[in-house]
Every structure is written in structure tokens, then in C-alpha cells.
Amino acid sequence: MTTKNALIGLWAETSIHAGAGSSVDGIDLPIQREGHSQWPCVFGSSVKGALRTKAEDKLGKDNTSITYVFGPDSSSDKASEHAGALLVSDARLLLLPVRSLTSHYKWVTCPAILQRLLRDAERLNISLKFTVPDVKESGIAITSATEATDLFLEEYRFTTNTADLTDLITVLAKITGIQSEELSDQLVIVSNDQFSYLAKYATPVTPHIAIDNEKKVVEKGALWYEETLAPETILYFALSAHKSRGDDMPAEAILNCITQGLFAESPYLQLGGNETVGMGWCKVTVLASEA
Amino acid sequence: MEFTIQQQRAKKALNAVQALRVTLNIEKQKEFISYANSLPAMIHMNGLGQAMAFYKMKGKEPGAYAELYNLVSDWLCRTGQPYQGKQDVLTGITQCDMHQYQLAQAETLVFMSWVKKFAKAFLAEEGQ
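Residues numbered from 1 in each chain as written. Chains lettered and ligands numbered in written order. Predicted model: local features only at pLDDT ≥ 70, side-chain atom pairs only at ≥ 80, totals over all residues. Heavy atoms only, no water.

Stated precisely, the cut-off is as follows: UniProt positions are given in the numbering used here, feature names are shortened, and annotations may be inferred rather than shown by experiment.
Per an unreviewed UniProt entry, the recorded name for chain B is CRISPR type III-B/RAMP module-associated protein Cmr5, and the organism is Methyloprofundus sedimenti. Among the UniProt annotations of chain B, the heading Sequence similarities (unreviewed entry) holds the following wording: "Belongs to the CRISPR system Cmr5 family." Annotation of chain B in UniProt includes, under Subcellular location (unreviewed entry), the sentence "Cytoplasm".

An unreviewed UniProt entry lists chain A under the name CRISPR type III-associated protein domain-containing protein, with Methyloprofundus sedimenti as the source organism.

**Some remarks on the overall build of chain B**
As a reminder, the rule being used: The way it works is that DSSP assigns letters per residue, a run of H or I at least four long becomes a helix, a run of E at least two long becomes a strand, and they are numbered from the N terminus. Computation of the radius of gyration draws on C-alpha atoms alone. For the globule rule, the value is 2.2 Å times the number of residues to the power 0.38. Relative accessibility thresholds used throughout: buried, under 20% of the residue-type maximum; exposed, over 50%; partly exposed, between the two (1.4 Å probe, protein chains only). Only the protein chains shown count as cover for residues, with accessible areas throughout obtained via the Shrake-Rupley method and a probe of 1.4 Å.
When you go through chain B residue by residue, the secondary structure sums to 6 helices and 0 strands. Expected size for 128 residues packed as a compact globule is a radius of gyration near 14 Å; at 14 Å, chain B falls within 12% of this value. Seen through its principal axes, chain B has C-alpha atoms that stretch 45 × 40 × 25 Å. Burial analysis of chain B (128 residues in total) assigns 51% to the buried set. Working note: accessible area of chain B is about 6,600 Å², and carbon and sulfur atoms make up 51% of it.

**Section: the packing of aromatic side chains**
We count it as follows: The rule is short: rings of Phe, Tyr and Trp, with Trp giving its six-membered ring, pair when the centres are within 6.5 Å, and they are stacked under 30 degrees, edge-to-face over 60, tilted in between.
Across all of its chains, the model carries 13 aromatic pairs over all chains by this definition. A centroid spacing of 6.1 Å and a plane angle of 45° characterise the contact between Phe-118 of chain B and Phe-122 of chain B, whose relative ring orientation is tilted. With Phe-118 of chain B and Phe-122 of chain B both in helix 6 (residues 98–122) and 4 residues apart, the pair spans about one turn of that helix. Phe-122 of chain B gets classed as partly exposed once you look at its relative accessible area, which sits at 29%. Here a set of aromatic residues connected by ring pairs shows up, and it is made of Tyr-156, Tyr-197 and Tyr-201 of chain A together with Tyr-101 of chain B.

**Considerations on a nonpolar patch on the surface**
Residues and elements named next belong to chain A. Just so we agree on the cut-off: Nonpolar side chains (Val, Leu, Ile, Met, Phe, Trp, Tyr) within 5 Å and like charges within 9 Å form the patches, drawn only from residues with over 30% relative accessible area and no salt bridge. Only one rule defines a salt bridge in this text: a Lys or Arg side-chain nitrogen within 4 Å of an Asp or Glu carboxyl oxygen.
On the surface, a nonpolar cluster with roughly 320 Å² of combined accessible area is contributed by Ile-209, Ile-211, Val-218 and Leu-223. Going through the elements one at a time, strand 10 (205–212) and strand 11 (217–227) are the ones with two or more residues in the nonpolar patch. According to the relative accessible area criterion, Leu-223 is partly exposed, its value standing at 37%.

**Some points on the interface of chain A and chain B**
Note the cut-off: Contact between two residues is taken to exist if any of their heavy atoms lie within 4.5 Å; hydrogens are not considered. Buried area counts how much accessible surface, traced with a 1.4 Å probe, disappears from two parts once they are put together, with both parts' losses summed.
Between chain A and chain B, the residue contacts involve 19 residues of the former and 19 residues of the latter. Across the chain A/chain B interface, buried area totals approximately 1,700 Å², and carbon plus sulfur atoms make up 55% of it. On inspection of chain A and its partner chain B, the count reaches 1 salt bridge. Among the salt bridges present, the one from Asp-28 of chain A reaches Lys-116 of chain B, with a minimum N-O distance of 3.3 Å.

**Regarding the packing of helix 3 (residues 48–58) of chain B against helix 4 (residues 64–77) of chain B**
Residues and elements named next belong to chain B. Definition in use: Axis definition: a line fitted to C-alpha atoms, over the contacting stretch in the case of helices. Angles run 0 to 180 degrees between N-to-C directions. Angles are sorted into four bins: roughly parallel if under 35 degrees, roughly antiparallel if over 145, roughly perpendicular if 65 to 115, and oblique for all others. Here a crossing is taken to be left-handed if its near helix is turned anticlockwise relative to the far helix by less than a right angle, and right-handed if that turn runs clockwise. Under the grouping applied here, Gly and all other residues not named as nonpolar or charged are polar, the nonpolar ones being Ala, Val, Leu, Ile, Met, Phe, Trp, Tyr, Cys and Pro and the charged ones Asp, Glu, Lys and Arg.
Packing of helix 3 against helix 4 brings their axes to within 7 Å, and their N-to-C directions diverge by 135°. As summarised for this structure, helix 3 and helix 4 are arranged oblique, according to the angle between their axes. Along this stretch, helix 3 crosses helix 4, giving a crossing that reads as left-handed. On helix 4, the residues that touch Leu-48, Met-52, Phe-54, Tyr-55, Lys-56 and Lys-58 of helix 3 are Tyr-65, Leu-68, Tyr-69, Val-72 and Leu-76. Grouping the constituent residues of the contact of helix 3 with helix 4 by class yields 9 nonpolar, no polar and 2 charged.

**Describing the packing of helix 2 (residues 26–46) of chain B against helix 6 of chain B**
Residues and elements named next belong to chain B. It is at 9 Å that the axes of helix 2 and helix 6 come closest, and there the two elements cross at 155°. Relative to helix 6, the element helix 2 lies roughly antiparallel. Crossing hand, helix 2 versus helix 6: left-handed. Between helix 2, through Phe-32, Ile-33, Ala-36, Asn-37, Leu-39, Pro-40 and Ile-43, and helix 6, the contact on the second element is made entirely by Gln-105, Thr-108, Leu-109, Met-112, Val-115, Lys-116, Ala-119 and Lys-120. Grouping the constituent residues of the contact of helix 2 with helix 6 by class yields 10 nonpolar, 3 polar and 2 charged.

**Points about the pairing of strand 1 (residues 4–12) of chain A**
All names here are of chain A. Quick reminder of the rule: Strands qualify as paired when DSSP identifies two bridges or more between them.
Burial of strand 1 is extensive: 8 of the 9 residues sit out of reach of the surface. Sheet topology note: the strand 1/strand 14 (residues 281–288) ladder contains 7 bridges and is antiparallel. Looking at strand 14, one finds that Leu-10 is bridged to Val-284.

**Concerning unusual backbone geometry**
Residue and element names in this part refer to chain A. Not every positive phi belongs to a glycine, and Asn-125 is a case in point at roughly 65°. Take Asn-125: its relative accessible area is 42%, and that puts it in the partly exposed class. Here Glu-154, not a glycine, exhibits a phi torsion of approximately 50°, which is positive. Of note, Glu-154 is situated in the loop between strand 7 (151–153) and strand 8 (156–162). Under the relative-accessibility criterion, Glu-154 is labelled buried at 13%.

Printed below as a string of C-alpha cells:
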């Protein structure tokens, strides 16, 4: 079966709260994370839901192409007839914005994340060419800055090593739509272990309360702590299209429904919860496979 | 008998919280629940060092803040923990390296999730 693939870059413009529901480590409303690495992510079902919502807003809920692309509505009696023709992956973390004493913020990533990006691209038949920088020591941070000065991420001090990251920056710019100069200033690569730590503890956690409107005091028990992904977080997900089950729409047409139909005029996607308080807005960049 | 690290954390937290039912009055038990609730978020937002320094400052008088500071401190300084053999958590933070600090912060957060749950389960809450 011929499939058509695309890699979709997401640049968070506001905070994202894709919630995991249950409490761990004392935070009441944590975000979704991958089980083995604890890296933040947005599950494929959430991403697919966001795409479907955008499509339904544009074309109407009962549009037939929506049924072919995404599958019949789960609340309809046709839900078991056929699956959708579009495969949506988890949105995976690529660059984590981390506060830094030495600049406004840094985009932090690590060798394991970059290797996974290469593997994902290979699977999707998208050619990305860069060398993954090598960094194993915990106190080292690789940057492309010309002068090496110590760097603070959160409350930790790193010694910087300068490296030529031109190829990597070119690829990241293509996936994310961020200007190369900006990436060059802000990109930092730390060891896998240090990245895991930052990915777990450098996320924003904010207290929320509910006010009893009559008495203007906090309602009983209404104080909770909510974790989010900060604005400027960079994620990506894979889209693969098969030919449709119903009316033989070719894979390319299915993929185009999303990449052209949905994103050409408004390259934005709203992911995760708290939509009505402005959360979850990402800028979309589409990178389609050549063949 | 062997116990998992989670069992050991649970045991320490359970014993400590049950002892507080005797040593803290109702008002202070309510405070303990509330401060135990906000400690993990404070650590996440400000780091272990700042959070523990804040609890130390607030815990000058005996009460909920002091109990929480001592509980975390005892746990992190016991055998097998990141600040083993140190006098208290602030001594550990100021004398050990970044790696130990990160371990201590991660350990405190998992330990606190037990303390937080047991406090809500066993201590007197608002409206009781």
C-alpha cells in the first residue's frame, strides 16, 4: 500500500496543557509524558482530536471527506464500519525552552532527541542531514556561539563548548520555521541525563484557585497546581496517509486534505486543554516526503 | 525481608504523619495538609534549595513548617539517600555537588507525594 508522509513541526505560541489527569510527584495536574523517558509529549489521540476539530470547524461535522480522513464519528452508529485513512503520531519534544540567567531563554535539546528525529524522518522517507553532536559530561553545554562563556540553565551552571552546528540549525529551521539566526543564538545541546532532568523539572507549574463569587474568598479545597509546556516549546509529529477505505481517495489526496486544506490558509493548531483561556496554540510547519 | 524504595518512603511518611495526630493540634494539622500540598510545587518552581530555605525560615516556631522541614531533612540525610551523613538538608545542599542536588530534589518530590496523600488521609481537614 502506498503511503504519503509528512513531518509537522509545532512551535508553541502559548502555553500547552495536554493533561495526563492523575497526580504524580505532588503536582495536581501534570502534563502528558512518555512512559520510559518522562519527556513531555502530546499523545497521538490528542493531536488527532485537534486536527479533527479544526477540520470540522472548517467543513462542518458531517462532511464526508472528514469521515474518510479521520474515520466515522465515534458517537455515530457507523463507527465500526472502517478506520480513518490518516495516521497521526504522538507530538514529540524537539526543543525545550529553559529559562537562563544569561539570556532571555535557551532552546535545549540532547543527542537522544536528535537521533530520534533522524530515525523518525527516515521512517517517513524524509531526508534530513546533520551530525548529532556528542555530549556526555553533565556539566557541558554545546552552543554555536562564537565566544564561550558559562551558561546558566534554571539554577545550574554549564561550561559551554562551541561547535559548528550549521547543518543541524538548517534542518531545525526547516522543521520549525524558526529563523536560523535565532536558533544559532539560542540552541543549546546538553547530555541526555541533564536533558531528562530539565524536561522533568524545568516545566512551568502554576497555582490556580477558584473564588466564591459571593464572599470573594477562595472556595474550599479549590487550590490546585497545574503543569504546562511553556510557550516557545517545539514539538513535531508524523502524519501518514493511506488511500481511503470508502471511495478510493488516493493517499496523496488524503494527506493534502490536512497539509493544504487545513494548514495552507491558517497554519495554526490548538492542542490540549484550557482552550478558552488561550492555551495550546501552535504554529504549524509542514515538511512533506519527496517520494 | 526486602522492601522497595517506594515502600520505605511510604513507611517513613506514614509513621511521621500518624505521629502528628498526637503532637499537632487540629489547627496545626490543617496547616500541615496545606503546606505539604504546596511544597512539591514550590520545589518544582524554585528548586529544592530555595524551597527548603523558605520552610526553614517559616519553621522557626514549632509547627507545620518545622515538621515538614525536619521530615524532608531526616529522609534525605538517612542511609542510602543523597545527603546521607549530613547534619540536615541545607548542609547537604551547600556541601554536595550538582548531581547530588538533582537527586535530592527528585527524591524529595516522590517522597512528598506520599506525605501529601497520608496527610490528607489521616489529619484533621477543614470543615471537620
